[in-house]
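Given next are the chains, with one letter for each unit.
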Amino acid sequence: MTDRIDLRSDTVTRPTAAMRTAMAAAEVGDDQYGEDPSTNRLQARCAELLGKEAAVWMPTGTMANQVALRTLTRPGDEVVASRESHAAWHELGGAAANAGVQIHEIGQGGRFSADDLRAAVKPRNFPIFPTTTLVEVENTHNRAGGVIVPQDEVLRICAVARELGLSTFLDGARLWNASAATGLPVAALAAPFDLVAVAFSKGLGAPGGSLLAGTRAAITAANRHRQRLGGAMRQNGIFTAAALYGLDHHLARLPEDHANARVLAEALAAGAPVQLDLATVQTNIVVFHLPQALPLDAPALSARARERGVLVNAFGPRTVRAVTHLDVTRAQCQQAARVLVELLAG
Ligand SMILES: *Cc1c(COP(=O)(O)O)cnc(C)c1O
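This is a predicted model, so every value here is computed, not measured.

1. Side note on the overall build of the chain
- When helices and strands are tallied, the chain shows 14 helices and twelve strands.
- Since a compact globule built from 346 residues should have a radius of gyration of about 20 Å, the 20 Å found for the chain is in line with a globular shape.
- Structurally, the chain occupies a C-alpha span of about 55 × 55 × 35 Å along its principal axes.
- Relative to its 346 residues, the chain shows a buried fraction of 55%.
- Accessible area of the chain: about 14200 Å², with a carbon and sulfur share of 52%.

2. Let's talk about unusual backbone geometry
- The omega torsion of the bond from Asn139 to Thr140 falls at -5°, within 30 degrees of zero and hence cis.
- If you trace the backbone, Thr140 turns up in the loop between β5 (132-138) and α7 (151-164).
- In the Ramachandran plot, Glu84 falls in the positive-phi region, its phi being about 60° despite a non-glycine side chain.
- Using a relative accessible area of 27% as the deciding quantity, one classes Glu84 as partly exposed.
- At Leu92, a position not held by glycine, the phi torsion is positive, near 55°.
- Looking at the secondary structure, you find Leu92 in the loop between α4 (86-89) and α5 (94-99).

3. Quick word on the site of the ligand
- In the region of the ligand, the neighbouring residues are Thr60, Gly61, Thr62, Asn65, His86, Glu138, Asn142, Asp171, Ala173, Arg174, Ser201 and Lys202.
- In the model, an oxygen atom of the ligand is placed 2.8 Å from a nitrogen or oxygen of the Gly61 main chain.
- With respect to the ligand, the side chain of Arg174 contributes an N or O atom lying 2.8 Å from an oxygen atom.
- In terms of residues, the shell around the ligand owes the most to one element, helix α3 (residues 61-72), which gives three residues.
- In terms of residue class, the shell around the ligand is made up of one nonpolar, seven polar and four charged.

4. Thoughts on helix α8 (residues 175-182)
- For α8, the set of buried residues is Leu175, Trp176, Asn177, Ala178 and Ser179.
- Buried positions along α8 lie against α2 (37-49), β6 (167-172), α9 (186-190), β7 (195-199), α11 (237-249) and α12 (254-271).

5. Section: the packing of α12 against helix α14 (residues 330-345)
- At their nearest, the axes of α12 and α14 sit 9 Å apart, and the two run at 20° to each other. The orientation of α12 relative to α14 falls into the category roughly parallel. Between α12 and α14 lies a crossing of right-handed hand. Contacts between α12 and α14 involve Ala259, Asn260, Val263, Leu264, Ala267, Leu268 and Gly271 from the first element and Arg330, Cys333, Gln334, Ala336, Ala337, Leu340 and Val341 from the second.
- In terms of residue class, the contact of α12 with α14 is made up of ten nonpolar, three polar and one charged.

The rules we used
Residues numbered from 1 in each chain as written. Predicted model: local features only at pLDDT ≥ 70, side-chain atom pairs only at ≥ 80, totals over all residues. Heavy atoms only, no water. Helix = DSSP H or I, 4+ residues; strand = E, 2+ residues; numbered from the N terminus. Rg over C-alpha atoms; globule rule 2.2 N^0.38 Å. Buried < 20%, exposed > 50% of the residue type's maximum accessible area, 1.4 Å probe, protein only. Areas by Shrake-Rupley, 256 points an atom, 1.4 Å probe, with all protein chains shown as cover. Near = heavy atom within 4 Å. Polar contact = N/O pair within 3.5 Å; in protein donor to acceptor, adjacent residues only side chain to side chain. Nonpolar A, V, L, I, M, F, W, Y, C, P; charged D, E, K, R; others polar. Contact = heavy atoms within 4.5 Å. Axes fitted to C-alpha atoms, helices over the stretch in contact; angles between N-to-C directions. Parallel < 35°, antiparallel > 145°, perpendicular 65-115°, else oblique. Left-handed = near helix turned anticlockwise from the far one by under 90°.

Spelled out as structure tokens, the structure:
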């Protein structure tokens, strides 16, 4: 399986030998008692990195999002989020099932403006409207192709949220990528938000895990919701040691993934009759669309590419996603582009 080029997601990376060594050597304890030293170390380090008072480890980014919604809303509330956000599209309706909230998707291309937010917030104390209590920003934005939400826009959105009495949540599963691409520290990107989620299982290459950071009070509440959802683990130092290793050794190499995504995207845009806006290729994700005139739709392209050892995701009937990561080289991205161009041209 080593010669296949897996661009389906940056979650497919396997822990390196050195990461496994760090995991095997991890100091552990029972995290439900707050006694796992590796987890405590990761939480303290990330709270500091993200400029927040406290942090709590989560088994998955999906649970981090579910817990954030439960922490910052009440059942029946409305949450405003970007169109095609992960919380609305990739969590099997968990926002409704677990937090009892509905999501109002706004904007375009992974972004929305402060004015869009203002227009979306429903008037309070109206007998029929749900209460809008939270705005969520996803940065980078997955389904929009890994685009970065400009920080001046974020600042304006969060200022309007404060003015209107809304809480703020940043789904920063790939905040490390946004930071690497903009040069802004993650603390600056997280600063305007009440709660922020980051992932270790994507660009950082750990086998699992995310984390929520915020005020001590918000993290205490989040910890209780994690317990209630069944996400409080025991010796999860095995996982958090991998996350610490990822911060030490893989954070600095993210620009490589971004450059590889660029190589792939430019080859596709130049050689294949696809719709691919190179301006959206800002980090490690390439999303492109197959025009109706092409005989291959996304599932067919994905199946044909797989036969040739290249794995990409059919993200919609005519939408394809490719993601670069630790386990694919520049040469493999060039090879993947050759295969996709051949399939699309032929
Ligand atoms: C992957 C992802 C998540 C969920 O993370 P999992 O660990 O896969 O559950 C949440 N938000 C965004 C933007 C993501 O890309």
